[in-house]
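Close look at the chain arrangement
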Amino acid sequence: MKKVFFIIVTFLSAHFYSQTITQTLRGVVLDKQSQTPLPGVVIQLINSEPLLGTSTNDKGEFKITNVPLGRWQLKIQMIGYKEKYIATILNAGKEAIHNIELEESVIQSEEVVVVAEQDKTKNNNKMSTVSARVFSAEEAARYAGSRNDPARMAANFAGVSGANDSRNDIIIRGNSPMGVLWRLNGLDIPNPNHFGNAGSTGGPVSILNNNTLDNSDFMTGAFAADYGNATAGVFDLKMRQGNNEKFEFLTQVGFNGFELGAEGPLNKKKNSSFLLDYRYSTLSVFKALNIDFGTGNAVPQYQDITFKTDFNTDKAGKISVWGIGGLSYIALLESDKKKGKDLYGYSARDTYFRSNVGASGISHTYLLKNNAYIKTNAGISGSYNYISADRIDTSFKTPKNLKPEYRQETKTTHYIVNSTYNKKFNSKDFVNAGIYADFFNTLFVDSTDDFFGYNTFVTLRNYKGNSALLRCFIQWQHKFTDNFLINAGVTNQYFLLNSSNAIEPRVGLKYSINSKQSFSFGGGLHSQLQPVYIYFASETVNGVRTETNKQLDFTRAAHAVIAYDNSFARNFRLKSEIYYQYIYNAPVKNYPDYFSALNLGADFNSPNVVGLVSKGTGTNYGLEITLEKFYSQGYYFLFTTSLFQSLYKGSDYIERNTAFNGNYVLNLLGGKEFRINQKHILSLDVRGTYAGGKRYTPIDIQASIAVKNEVIDGSKAYSLQYPDYFRIDVKPGYRFNSKKMTHEFTIDIQNVTRHLNVFQQSYDIKNETIKTDYQLKFFVIPQYRLLF
């Protein structure tokens, strides 16, 4: 027995205290404004023993080999540039590769001490002044409850509300989710979510693959002039480059599907690489484990693919070719529904939904002489939706008591090209200007039968045609000193369908009181097109069908933001912002009514609303506070709170709450790693959300019974509010590093307290009552990832 015990102890000792496992850390350092490589930059690993570091070569490249696994903080410094700190994590199964940008100091002197820059207090877009932050793919994977989804991760940030378990739509400062712009690798893209309906910006499952994303920007107001066609927020996402020196692979199984990924060099001598990832849904496995995700017995089916290739040349510049695509389908049958848990279907209906979306592009960056460069993007994107809904009623006397009720087919193809010229004149002045063209071909056909007779289908929309959105901008950044700068610009948008035009001036100011504190101001005009289904809504009178909304203007908004930022200690940040938004020219009815398009966008509907005019208004204002500790010393935390008011006026000129006026959101999340040794790391992440309930309009039960369909009381539009939303998520994890592989196990346990959060109230056609559906009561998502 003693021999057996000795052998076990010896084995475990050898397993836990074997030789140090190391990995390679490398990347490139560029000037932030001119994008030129910076030679001679010093990179050091803080607290490494002995001190590890290197400097960049003439191409701005650096490499540090034999770095022990774990989390490290890099210090990047060069005379005349602001010192920078970034965090990195090294795993056995993957090299860490960083593209780093340094900002030149206005004061050029070797004796000047340049203020250090914390990585997350800056964003990628050099012209953004307020209401912007950078986020990493690692954060989207780390946060409890995020499901590896950038949108669900962003719901933890100040000013954002995402109190909806069924979809990842995000409400920014009380605005409709339709006001959000998605941009990927420099091109504006359609809704990047599975099961996304026409005109929406969210969905239940993201197509964006967290394993392929690089550090990206998220903005909530007063955007820089290079962003157009958005009034609420912007996701400016970037895909990372594949490893150009060695092949690496991953496999992952979780909520987003079964996943296989590969990356590596296409030609080592020519510094080219590829990145490829494919996912297929695994929800049938979740269903077999009796895990409920709000679809009853229906099983969503989806798959997606992501790819990117990069070619770096000395003479022709940098060329990237990329693409994403997703297919999804679900059949929501009345017989599959579960009482009180219906997050997607409609009462007494069988609904079939198919959604396909994709985008692909080519990007070319060419460095000119004298600190200038041109970046050109061209691409194609498209989306397709098909919806079939059949009504169930015992009076029909048909097989299964079914009759066709609604059919929809939509198809939109975008051909996009843009080009920007960027010029750094000196350490104080930077200018960029660009032109954007978005040509699109649209098919939108839908019809309904409210009478269920013979040949009683009525056409709602039937449009096939082409149009385009043209845009140009110019903006200038001037640094008076290292402590005071101004960003000023103007953008112009022109819509060919109805000749709508919008000129939008924008300005941002930032003054740093000292090395830790700063005040900022941002303001300007912003505008956005209407959803495609709004423009082509039609009515039929005396057999003549008329499209009534084609002349609608952009919805326009004026933003103003004042911000205070205090990095009061290393890796700590306190930030507060107050904002005001005035929205005008929103579509409302041409007669007194409560309707406003400002309330559309957070469900699967694309209503046929006719007779609209651009005369609606709205106001959003509020206060946001963020207290954050960036990941260091094995832990992090983030506390955000938002107090806001979101109001609108329809054509009846009565001021009401918008559908998104939750009034307040509080988020508290954090996590800690427990490092047993180099091979074995335990982690625990926790998230809590407390938010005002969703606004809703009461159902007129008597009228609903009379017409055998849901009828709401419009005179009380959005006057009621569901109980407050409350949810706690817990995510334990374990990471194991062998010599050349990394295994990661996590279990994301959502709503651990089983709190009943109301999802919606709706009219139950069969029972002639009002029913209440609840959001996910308890949801467990196991995940395994292997890197090698």
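Please refer to the structure higher up on the page.
**Here we look at the pairing of strand E44 (residues 758-764)**
- The element E44 is largely enclosed, with a buried count of five among its seven residues.
- In sequence, E44 turns back onto strand E45 (residues 769-774) through a hairpin of four residues, with Glu768 there showing a positive phi of about 55°.

**Focus: empty space enclosed by the protein**
- Under the counting rule described, the total for this entry stands at 12 cavities of 30 Å³ or more.
- Roughly 210 Å³ of internal volume is contained in the second largest cavity.
- Arg133, Phe157, Ala158, Lys575 and Thr626 are the residues nearest the centre of the second largest cavity, which is lined by 17 residues in total.

**Some thoughts on the sheet that holds strand E16 (residues 216-219)**
- Spatially, five strands are ordered E9-E16-E17-E12-E13 in an open sheet, and the strand pairing comes out mixed. The open sheet has two free edges, formed respectively by strand E9 (132-135) and strand E13 (187-188), since each of these has just one partner strand.
- Sheet topology note: the strand E12 (residues 180-184)/E13 ladder contains two bridges and is antiparallel. Bridging from a neighbouring strand, Leu184 pairs with Leu187 of E13.

**Notes on the packing of aromatic side chains**
- Under the criterion given, the structure shown has 27 aromatic pairs.
- Taken together, a centroid distance of 6.4 Å and an interplanar angle of 65° make the contact between Tyr690 and Phe726 edge-to-face. Of the two residues, Tyr690 is situated in strand E39 (residues 680-691) and Phe726 in strand E42 (residues 725-737); the sequence distance between them amounts to 36 residues.
- Pairwise contacts between aromatic rings join Phe135, Phe157, Trp182, Phe218 and Phe235 into one cluster.

**Here's the deal with the sheet that holds strand E7 (residues 96-102)**
- The three strands are arranged E4-E1-E7 in an open sheet whose pairing can be described as mixed. Two strands lie at the open edges of the sheet, namely strand E4 (61-68) and E7, each paired on one side alone. Across this sheet, the average inter-strand angle for adjacent strands is 25°, counted without regard to direction.
- Sheet topology note: the strand E1 (residues 22-31)/E7 ladder contains seven bridges and is parallel.

**Quick notes on the nonpolar core**
- Grouped together as the largest cluster of nonpolar side chains are 32 residues, with contacts concentrated most on Phe157, Ile170, Trp182, Leu184, Phe218 and Phe235.
- Mapped onto this core, the elements with two or more residues apiece are helix H2 (137-142), helix H3 (150-154), E12, strand E17 (233-237), strand E22 (318-332) and strand E36 (635-649).
- Setting aside chain neighbours within four positions, we find Phe157 in contact with Arg133, Phe135, Tyr143, Phe218, Leu638 and Thr640.
- By size, the runner-up hydrophobic cluster in this structure holds 22 residues, among which are Ile43, Phe62, Ile64 and Leu102.

**Side note on the environment of Thr742**
- Inspection of the secondary structure assignment puts Thr742 in strand E43 (residues 742-750).
- Take Thr742: its relative accessible area is 0%, and that puts it in the buried class.
- Considering only alpha carbons, one finds Thr742 and Ile170, 572 residues apart in sequence, at a separation of 33 Å.
- With residues near it in sequence (within four places) discarded, Thr742 still touches Asn91, Ala92, Gly93, Arg735, Phe736, Asn737, Arg785, Leu786 and Leu787.
- Polar side-chain contacts of Thr742 include one of 2.9 Å to the backbone nitrogen of Ala92.
- Only 2.7 Å separates the side chain of Thr742 from the side chain of Asn737, close enough to count as a polar contact.

Rules behind the numbers
Residues numbered from 1 in each chain as written. Predicted model: local features only at pLDDT ≥ 70, side-chain atom pairs only at ≥ 80, totals over all residues. Heavy atoms only, no water. Buried < 20%, exposed > 50% of the residue type's maximum accessible area, 1.4 Å probe, protein only. Helix = DSSP H or I, 4+ residues; strand = E, 2+ residues; numbered from the N terminus. Pairing = 2+ DSSP bridges. 1 Å grid on protein atoms, 1.4 Å probe; cavity = no way out; pocket = protein on both sides within 12 Å on 5 of 7 lines; lining within 4 Å. Points joined across faces, edges and corners; volume = space filled by probe spheres on them. Phe/Tyr/Trp six-rings, centres within 6.5 Å; stacked < 30°, edge-to-face > 60°. Axes fitted to C-alpha atoms, helices over the stretch in contact; angles between N-to-C directions. Core = buried A, V, L, I, M, F, W, Y, C linked by side-chain atoms within 4.5 Å. Contact = heavy atoms within 4.5 Å. Polar contact = N/O pair within 3.5 Å; in protein donor to acceptor, adjacent residues only side chain to side chain.

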